[in-house]
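Listed below are the residues making up each chain.
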Amino acid sequence: MLNEKIAPGLKGQLQTLVCEHNVAGHVDKFSTPSMISLMERAAIAAVDPYLEEGQTSVGFEVNVRHLAPSDIGATVIAHAELVEVNRNRLNFNVEAYDGDRKIGEGTHRRAIIDRSR
């Protein structure tokens, strides 16, 4: 059973500093896997406060475009908005920004599951 507060419109946000730990080493720019991870964690932040005891969410689909590079020292902010709930499946629109410049966009899908299963 899902908490009725898990509904379209929930938003999550997370930020990170671009550093040697999250860049593509051959170009010293924010890596695509790091951007996707930040977007997924923003989606988690949107719904985690509303999960029932014993529940968690797991990602099962990511469809993202990395639009522009970000240099070491930049702050990247990911935004996730829940746009659809279908039983236990959640659909998010996700975006990432370096300042005012959009560097990534796409969709992410998660499922709410019982940890004990």
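Look up a bit, the structure's there.
Residues numbered from 1 in each chain as written. Predicted model: local features only at pLDDT ≥ 70, side-chain atom pairs only at ≥ 80, totals over all residues. Heavy atoms only, no water.

Taken in spatial order, the five strands line up as β1-β5-β6-β7-β4 in an open sheet, and their pairing is antiparallel. Sheet topology places β1 (11–17) and β4 (55–66) at the edges, where each strand pairs with a single neighbour. Looking at each pair of strands side by side, their axes are set apart by 25 degrees on average, direction ignored. Each of β1, β4, β5 (75–86), β6 (89–98) and β7 (101–114) is contacted by helix α1 (residues 32–47), which is oriented at about 140 degrees to β4, the strand it contacts most. (Pairing = 2+ DSSP bridges. Helix = DSSP H or I, 4+ residues; strand = E, 2+ residues; numbered from the N terminus. Axes fitted to C-alpha atoms, helices over the stretch in contact; angles between N-to-C directions. Contact = heavy atoms within 4.5 Å.)

A few words now on the side chain of Asn22. Here Asn22 lies in the loop between β1 and β2 (23–24). In this structure the side chain of Asn22 is engaged in a polar contact, spanning 3.1 Å, whose partner is the backbone oxygen of Leu17. Those residues in contact with Asn22 that sit more than four places away from it in its chain are Thr16, Leu17, Lys29, Phe30, Ser31 and Ser34. (Polar contact = N/O pair within 3.5 Å; in protein donor to acceptor, adjacent residues only side chain to side chain.)

As a further point, take the packing of aromatic side chains. Throughout the structure, instances matching the rule amount to zero aromatic pairs. Of note, Arg89 hangs over the ring of Phe60, and the distance from its end group to the ring centre comes to 4.8 Å. (Phe/Tyr/Trp six-rings, centres within 6.5 Å; stacked < 30°, edge-to-face > 60°. Lys NZ or Arg CZ within 6 Å of the ring centre and 35° of its normal.)

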